[in-house]
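Spelled out, the chains give:
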Amino acid sequence: MTVVQRPQPGRTSRPGLPPRPAAAPRGRISTGAAGARRRKEALAAYAFIAPDLLGLLVFVVLPMVLALGVSLYEVDGFGGYTFVGLDNFRLLGSDDQFWQSVKVTATYTVAFVPLCFLAGLGLALLVRDHFPGVGAVRTALFAPHVISLIVVGVVWQFLLVDKQGAVPGLLRPLGGGDVSFLGDPELARWTLVGVSVWFLMGYQMLIFLGGLKDIPSEFTDAAMIDGAGSWQRFRHITWPLLKPTSFFVAVNSTIGAVTGLQAYDLVFALTKGGPAGRTTTVVYYIYQQAFTFNHYGYAAALTTAVVAFLVLATGLMFAATRGGRFHVD
């Protein structure tokens, strides 16, 4: 009886040849290969964020450092620098007009942030599901955000001008033709808030739509099977899972209300800070000090103070909400 020997693993069945090395088990990667792959992934990640990081350093960090340096000098606008130390910051504490602009900015922020938040979230919920023409509706709601704020301000000024504008003309049959939207101090402030909400609600709608699309449909389907109504699904499923997106929108809106384009461009085009300084925001006041009165050192000190406040406020918001997660590990 002839016995046939099977070749053992790692050996060859042909005589006279050296045995083959045992193959590594499938599904396992050596430590060196895994480390090399991680290094490649990290390098690719740094390459992707490098342009944004460079832009952040050049257009945000560097101007902040330069503003801090200029705030220690009295600058005449013609190349003359006189070191004054902290005098510009001491002047800030006794400047009544600055604190009036802080009050205007705070009022504007308190009104604008929640109104724009609710408008953006409401629109996102309305256009979340597909229906005929949903793309056109979303485009129409987002369209104002792609227009220059200066153009937006000029158009709304044309529409709201006293007695001659389109809006007073429409209100005239109702007895509101003499309403001065831009001339009345209190009404001008609310007009600024309303135009800002109209301009930015489409942008926030788009952000909320992204957050809503990330919520697994299985959750809402299971809730519907269990008999949960629309409000119950929103309260117990949609809202908790939307909190990170809501946090981003709230922080972004707050920063935009204090230092965003609508805090300067829209004020410049609509009211020039009037009437009676009721729409003079902090950013517009800084612009006046720098480019109207040539107080560049003082304007830099104001800028430094505003940036420090925003960094502190944003840090507190991140610490209080764990970056929008709102849960305890």
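**A look at the side chain of Ser101**
Here's step 1: Relative to the helices and strands, Ser101 resides in helix α3 (residues 96-126).
Here's step 2: Residue class for Ser101 comes out buried when judged on its relative accessible area of 1%.
Here's step 3: Of the polar contacts made by the side chain of Ser101, one reaches the backbone oxygen of Phe98; its length is 2.5 Å.
Here's step 4: Every residue in contact with Ser101, bar those within four places of it in the chain, is listed here: Thr280, Thr281, Val282 and Tyr285.

**Concerning the environment of Val102**
Here's step 1: With respect to the element layout, Val102 can be found in helix α3.
Here's step 2: Residue Val102 is classed as partly exposed on the basis of its relative accessible area, which comes to 26%.
Here's step 3: Taking the C-alpha atoms as reference points, Val102 and Val282, separated by 180 residues in sequence, lie 5.8 Å from one another.

**Digging into helix α5 (residues 149-160)**
Here's step 1: For α5, built from 12 residues, the straight-helix expectation of 16 Å at 1.5 Å per residue is met to within 8% by its first-to-last C-alpha distance of 16 Å.
Here's step 2: Among all positions in α5, only Leu149, Val152, Gly153 and Leu160 are buried. Looking straight down α5, one finds its buried side chains confined to an arc of 95 degrees; they lie on one side.
Here's step 3: Residues of α5 that are buried sit in contact with α6 (166-171), α7 (185-213) and α11 (265-270).

**Focus: the packing of α3 against helix α10 (residues 243-259)**
Here's step 1: For the pair α3 and α10, interaxial distance at closest approach is 9 Å and the crossing angle is 145 degrees. α10 is crossed by α3, and the crossing has right-handed handedness. Along the contact surface, α3 presents Thr105, Tyr108, Thr109, Phe112, Val113 and Phe117, while α10 presents Ser246, Val249, Ala250, Ser253, Thr254, Ala257 and Val258.

**Focus on the nonpolar core**
Here's step 1: Residues Tyr108, Phe112, Val152, Leu192, Val193, Leu266 and Leu270 are the most contacted members of the largest nonpolar core, which totals 21 residues.
Here's step 2: Every element with two or more residues in this core is listed here: α3, α5, α7 and α11.
Here's step 3: Counting residues per element, this core draws most heavily on α7, which supplies 6 residues.
Here's step 4: Leu266 has contacts with Leu149, Val152, Gly153, Leu192, Val195, Ser196, Leu261 and Thr271, leaving out every residue within four places of it along the chain.

How each quantity is defined
- Residues numbered from 1 in each chain as written.
- Predicted model: local features only at pLDDT ≥ 70, side-chain atom pairs only at ≥ 80, totals over all residues.
- Heavy atoms only, no water.
- Helix = DSSP H or I, 4+ residues; strand = E, 2+ residues; numbered from the N terminus.
- Buried < 20%, exposed > 50% of the residue type's maximum accessible area, 1.4 Å probe, protein only.
- Polar contact = N/O pair within 3.5 Å; in protein donor to acceptor, adjacent residues only side chain to side chain.
- Contact = heavy atoms within 4.5 Å.
- Expected span 1.5 Å × (residues − 1).
- Arc of directions from axis to C-beta.
- Axes fitted to C-alpha atoms, helices over the stretch in contact; angles between N-to-C directions.
- Left-handed = near helix turned anticlockwise from the far one by under 90°.
- Core = buried A, V, L, I, M, F, W, Y, C linked by side-chain atoms within 4.5 Å.

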